[in-house]
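Notes for the structure review
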Amino acid sequence: MAIYPIARSDARGGGGFKRAQGKGRVELKCEGRFEEGKGAMMKFCIGIGDKAKHLDQPARGPVVHDFAEQSCAGLAKEEEQWDFTKAVDDSSKRFSICLRVQAPAGRA
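In this report, the structure presented in the accompanying data block is examined.

**Overview of the state of the cysteines**
For the coordinates displayed, the defined rule picks out zero disulfides. The thiol of Cys45 is unpaired, and the distance to the nearest cysteine sulfur, on Cys98, comes to 8.9 Å. The class of Cys45 is buried, set by a relative accessible area of 13%. For the unlinked cysteine Cys72, the closest cysteine sulfur is that of Cys30, found at 9.4 Å.

**Thoughts on unusual backbone geometry**
Note the cis peptide between Gly61 and Pro62, where omega equals 10°. Secondary-structure assignment places Pro62 in strand E4 (residues 57-66).

**Some remarks on the sheet that holds strand E3 (residues 41-48)**
Overall, antiparallel pairing links the three strands, which are arranged E4-E3-E7 in an open sheet. Edge positions in the sheet fall to E4 and strand E7 (97-102), since each of these pairs with one other strand and no more. In this sheet, neighbouring strand axes are inclined to one another by 20° on average, regardless of whether the strands run parallel or antiparallel.

Calculation rules
- Residues numbered from 1 in each chain as written.
- Predicted model: local features only at pLDDT ≥ 70, side-chain atom pairs only at ≥ 80, totals over all residues.
- Heavy atoms only, no water.
- Disulfide = S-S within 2.5 Å.
- Buried < 20%, exposed > 50% of the residue type's maximum accessible area, 1.4 Å probe, protein only.
- Helix = DSSP H or I, 4+ residues; strand = E, 2+ residues; numbered from the N terminus.
- Pairing = 2+ DSSP bridges.
- Axes fitted to C-alpha atoms, helices over the stretch in contact; angles between N-to-C directions.

Set out below in structure tokens:
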């Protein structure tokens, strides 16, 4: 799993979290190898924040993706941007990312 800032410009430093004002996206990468012709379908949702501390942002998705075809996947363009600053716990200066994974329908 990786988080990336939403780029504000192509200039040097234009892609950092400071310039993006804490806004970014989450992407999953599968580094496993798969047998020829065997798919690696996965269905997932992503959420951020700590529900117990009321810092959570609702989960988004689901996304259905075949990691055998392409190793990286994230939310749809219209859902991908998160405001990480709203999920940060003031005392620890951290935030949580929640990933829910399940096999797509018909693949138990």
